[in-house]
Structures are given as structure tokens and as C-alpha cells.
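What follows is the residue order along each chain.
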Amino acid sequence: MTNTNPSAVDTPKNQNPLTEGNGWAWLRDWPKRPGQIKPDQNYFMIDPAVLRAVLAGVDESTRKDIMADVDFADKEILETFRERDAEAKKQQNTYRILQLLVMSIAFLSTVLGGLQLLATTDAEHPALLTVLSATEGLVVLITVIIVFPFADRNTVMSSWVHNRQRAEALRQEYFRFVTHQEPYDLVPEFTDRQDLLGDRIAQILLDQPIVVNAVQTTSGGPNS
Amino acid sequence: MSESHDSDPQNLKTRLLLFETALAKDQKSYYKSKSEIYRNAQQQILWFRLLAAFTASVVSFFTAYLSNLPRTGVLTTVLVASSLISVIAPAVAALFQTYADIFQWDRLIHIYSDAANKLDAADKISREIDLAALVPNADGAENPALTKRHARVNRYISAVLGVMRAEANQWGQSVHAPASLEEFEARAKQRAEQLKKEDKTEP
């Protein structure tokens, strides 16, 4: 294929940035503080440096033609993508916080259960069993009355998946438009392609099936 | 800007290069890096689990042995400590298992490795595209060689986007709450009901 490579991509820049090394890999996805995640204004579908490098040697007409598509796609998609991407990350973060909270409670409950079992063999401290049993009961009641109803993990999970899939569908649509893939290849006029992109973005955001060359597909795509 | 210049080899080549550099290579790197990181995370957690389970076994054995000895002040303290550890260590092992289930590394490793392999396969489609050798016919007539290359470029881009879409759908279907936490929730609700009943029946 093409042998010019303006920017060899060794580490992905496109999505969640990966820090160096693999030490403590199990802690990499540890949740952030709520409120820390915001749309990344420095994110671009096509890294500006890559764009400059690719367009450096091409003739003026090609450069203008491609830049018109990239500029329009950026205007139509980029901000919406950043919002959806940030929302997906927020929901993912919340989901993990809630699951880790429930995991901690489950751990506490298991330990209290085990300690109760131990206390039954301790004839010298009969009150210990009562205290442990009451504590375990309190933990269970607080969990059932407060934690489960207010930490609806399934709703948060659905929202995470939904936003991630919409964001990825937008990203794919961006490249479909910029590379003139179907259905854009069937529309020679630039203004018609613009209209088509607008329609398809609306379909993605409204969760409608997208028609590609008479074959219906559902929009989707993750990476979290 | 008026119309598409897809018949221009330079235009086609530049768009292909942009797609390859800005999306395809980046996506492949992403899949490979994530698979590697998740594999390491999974191994690290496995070691922690094994360590906790091993500690639980050894300490339980030790506790059983100590409990048969005559009680002295120090021995009682050691016995209490080892009893506590024999209760907490298995719970810690289960905790690490649940932690791994929350992040679903096992499923993601499979999905991302599979997607990276498929992108490698898609690269084969693009390998023989030699756009540099192609020029449009001077008389404006259709150039069959260029049309063929164009179709190949489209096939390549479609294949890459198809892999991404498939991975996306697989990912969406794979997101599940850990079974152990679901079971805990059910058990906790049952226990709460039981506690409420006990509370009502007490005089």
C-alpha cells in the first residue's frame, strides 16, 4: 500500500491515552473523582500534526478538497463526539465507583459473617456474637434501604454503553464521510454530502437504524 | 467545493493515507495495547488471589494446630490473630475475583485481540494498492485500473470500519454486572426481609 508514513503510531492517541509501562496494570482503570471528567477540547478525530504531514506534499486542489471535508466533519461531529465521549466516561466512572462500593460492602458482610462463626465458639465473650450479629444486620439493612435504591447500577451501565456506542458511531461516520465511503461515494455534490452527513448524525443520535446501501445496520462502537 | 474528486488518484491516495494513519493504525495500536495491559492486570490479580488463598489455607491449618495446644497468654493472642486471618484471607481472595469481574478483563482481552487480528487481516487487502503508479486517462475516459484500485481502497476501509463496528457490538453485549455482586444483592435483600420479619415477631 502507500509507503509514506508521516507519523508512525506506536501508542494510540485517538482514545483513552495510555500511560507508560505496565506496572500496577490492575489499578489503571481505578475510578477518578466524580466531576473530574470533562469533554476533552484537545481531542481531534485526526491529529492536526498528522493532517499537516499527510497534506504536506499534495497539490493545492487535493488539499483544499480534503480540508473542506475535514473542516465540515469537524464542525458537525467533533463537539458532539467530545460530549458523548465524556458522558460515556463519566457513566463508566460512576458505574465502577458503585460496583466497587457494593464490592466493599459484600467484603465487609462476608468478614462479619465469618467473625460471627468464630464468635459462636467463644464461650468467654457471649456479647461478641450479639454485637457482630447486630453490626452485620445493620450493614445489610443500610445496603438494602439506602445503597441499592440510590445506586442504580443498571441504569448507569446502560447510559455508559449507550453513550459509548453513539460516540463510536460518530467517529466511524466521520471517517466514512472524509474518505467518501458509502453512501457518500454515491453523492458527488459537496452540499448533498453535507446534508447526508447531517441526516445520518441525527439518525445516530436519535438511535434510528442507519441505512447503508440498502442494508440496515445499527450504529455502535465502544472503547472504554 | 463542488463535487467529489474520487477519480483523481492523488485525492484517493491522500484520503487513504489519512484514514490509515489517523484511524486504522491508531485503532490497531489501541486494541493491542489494551489487550496487553488487561492481560497484565489479569495476571497481577491472579497472583494476589493465589497469595490470599494460600495464606488462608496455611493459616487455617496453623490455627487448627494451635487450638489443640494448652492455652497461654501469648498463644491465645496468636490464636485470635490467626483465626481472624483465616476469616479475612478467603474474603480477600473473593474480593480480588470480584474486582477482576468488575473490569471484565477476560472478555475484553478476547474482544480486543480478535479485533486486532482482524485489522491485521484487513491490512492484507490494502497491501497491494499501488496508487502512485496510477494516473487518470488524458482523454477523461474511465481508467479501469484506477477503478479496480478504488474498489480495493473501499474494500479496505469498509473492512476496517466493519471490524470496529463488530468489536463495538461485541463490547456492548459483553458489559455485565459481576455475578457475585448480583448474588450478594439478592442475598442481602433476602436477609433484610428476614431481619424485618424477626423484628415484627419479637414481643
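Residues numbered from 1 in each chain as written. Chains lettered and ligands numbered in written order. Predicted model: local features only at pLDDT ≥ 70, side-chain atom pairs only at ≥ 80, totals over all residues.

## With respect to the overall build of chain B
So, point 1. A count of helical and extended segments in chain B gives five helices and zero strands.
So, point 2. When the elements of chain B are put in sequence order from the N terminus, they spell out α-α-α-α-α.
So, point 3. Looking at chain B as a whole, 36% of its 203 residues are labelled buried.
So, point 4. The long-range fraction of contacts in chain B, counting pairs at least 24 apart against all pairs at least 6 apart in sequence, stands at 80%. (Helix = DSSP H or I, 4+ residues; strand = E, 2+ residues; numbered from the N terminus. Buried ≥ 20, exposed ≤ 12 C-beta atoms within 10 Å, placed from the backbone. Contact = placed C-beta atoms within 7 Å.)

## Details of the overall build of chain A
So, point 1. Each helix and strand in chain A was counted, giving five helices and two strands.
So, point 2. Going from N to C terminus, chain A has its helices and strands arranged as α-α-α-α-α-β-β.
So, point 3. Within chain A, buried positions represent 33% of all 224 residues.

## Structural notes on the environment of Ala22(B)
So, point 1. Following the sequence through the fold, Ala22(B) ends up in helix H1 (residues 9–66).
So, point 2. Along the primary structure Ala22(B) and Leu195(B) are separated by 173 residues, whereas in three dimensions their C-alpha atoms are 59 Å apart.
So, point 3. Not counting residues up to four positions away in its chain, the partners in contact with Ala22(B) are Ile46(A), Asp47(A) and Val50(A).

## A closer look at the environment of Val156(A)
So, point 1. Secondary-structure assignment places Val156(A) in helix H4 (residues 153–178).
So, point 2. When sequence neighbours within four positions are dropped, the list of residues in contact with Val156(A) reads Gln91(A), Thr94(A), Tyr95(A) and Leu98(A).

## A look at the nonpolar core
So, point 1. With 79 residues, the main nonpolar core has Leu170(A), Phe19(B), Leu119(B) and Val160(B) as its most contacted residues.
So, point 2. The element that contributes the greatest number of residues to this core is H1(B), accounting for 15 residues.
So, point 3. Look past the residues within four positions of Val160(B) in its chain and what remains in contact with it is Ala24(B), Leu119(B) and Ala122(B). (Core = buried A, V, L, I, M, F, W, Y, C linked by C-beta atoms within 7 Å.)

## Re H4(A)
So, point 1. In this model H4(A) runs 38 Å from its N-terminal to its C-terminal C-alpha over 26 residues, within 8% of the 38 Å that 1.5 Å per residue would give.
So, point 2. The buried count for H4(A) comes to 20 of 26 residues, which makes it a mostly enclosed element. (Expected span 1.5 Å × (residues − 1).)

## Some thoughts on the packing of helix H3 (residues 126–150) of chain A against helix H5 (residues 179–201) of chain B
So, point 1. Closest axis-to-axis distance for the H3(A)/H5(B) pair is 9 Å, and the angle between their directions is 115°. On the basis of their axis angle, the class for H3(A) and H5(B) is roughly perpendicular. You can see that H3(A) and H5(B) cross each other, and the crossing is left-handed. Judged by residue contacts, Gly137(A), Val140(A), Leu141(A), Thr143(A), Val144(A) and Phe148(A) of H3(A) engage Glu185(B), Ala188(B), Lys189(B), Arg191(B), Ala192(B) and Leu195(B) from H5(B).
So, point 2. Looking at the contact of H3(A) with H5(B) residue by residue, the class counts come to seven nonpolar, two polar and three charged. (Axes fitted to C-alpha atoms, helices over the stretch in contact; angles between N-to-C directions. Parallel < 35°, antiparallel > 145°, perpendicular 65-115°, else oblique. Left-handed = near helix turned anticlockwise from the far one by under 90°. Nonpolar A, V, L, I, M, F, W, Y, C, P; charged D, E, K, R; others polar.)

## What to know about the packing of helix H2 (residues 60–119) of chain A against H3(A)
All names here are of chain A.
So, point 1. Running from N to C, H2 and H3 cross one another at 160°; their axes reach a closest spacing of 9 Å. The pairing of H2 with H3 is recorded here as roughly antiparallel in orientation. For the pair H2 and H3, the crossing hand works out as left-handed. Of H3, the residues touching H2 (which contributes Leu 101, Val 102, Ile 105, Leu 108, Ser 109, Leu 112, Gly 113, Leu 115, Gln 116 and Ala 119) are Leu 128, Leu 129, Leu 132, Ser 133, Thr 135, Glu 136, Val 139, Val 140, Thr 143 and Val 147.
So, point 2. Here the residues of the contact of H2 with H3 sort into 13 nonpolar, six polar and one charged.

## Some thoughts on H5(B)
So, point 1. Between its first and last C-alpha atoms H5(B) spans 33 Å; for 23 residues at 1.5 Å apiece the expected length is 33 Å, and the two agree.
So, point 2. Along H5(B), the positions that sit buried rather than exposed are Leu181(B), Phe184(B) and Ala188(B).
So, point 3. Structurally, H5(B) contributes buried residues whose contacts are with H2 and H3 of chain A together with helix H2 (73–103) of chain B.

## Regarding the environment of Ala188(B)
So, point 1. Structurally, the position occupied by Ala188(B) is in helix H5.
So, point 2. Not counting residues within four places of it along the chain, the set of residues in contact with Ala188(B) comprises Val140(A), Thr143(A) and Val144(A).

## Brief notes about unusual backbone geometry
So, point 1. The step from Glu182(A) to Pro183(A) runs through a cis peptide bond, and the omega angle for that step is 10°.
So, point 2. Phi at His180(A) is positive, roughly 55°, even though this residue is not glycine.
So, point 3. Topologically, His180(A) is positioned in the loop between H4 and helix H5 (190–205).
So, point 4. Residue His180(A) is classed as buried on the basis of its 24 C-beta neighbours within 10 Å.
So, point 5. Positive phi, normally seen in glycine, also occurs at Gln104(B), with a value near 55°.
So, point 6. Its place among the elements puts Gln104(B) in the loop between H2 and helix H3 (105–127).

## Observations concerning the confidence of the model for chain A
Residue and element names in this part refer to chain A.
So, point 1. Averaged over chain A, the pLDDT score is 83; the fraction of residues at 70 or greater is 83%.
So, point 2. Ignoring residues within four places in sequence, the model shows residues 1–20, a span with pLDDT below 50, making 40 contacts including any to other chains.
So, point 3. Counting interchain partners and residues more than four positions distant, the pLDDT-below-50 stretch residues 212–223 has 38 contacts. (pLDDT = per-residue confidence, 0-100.)

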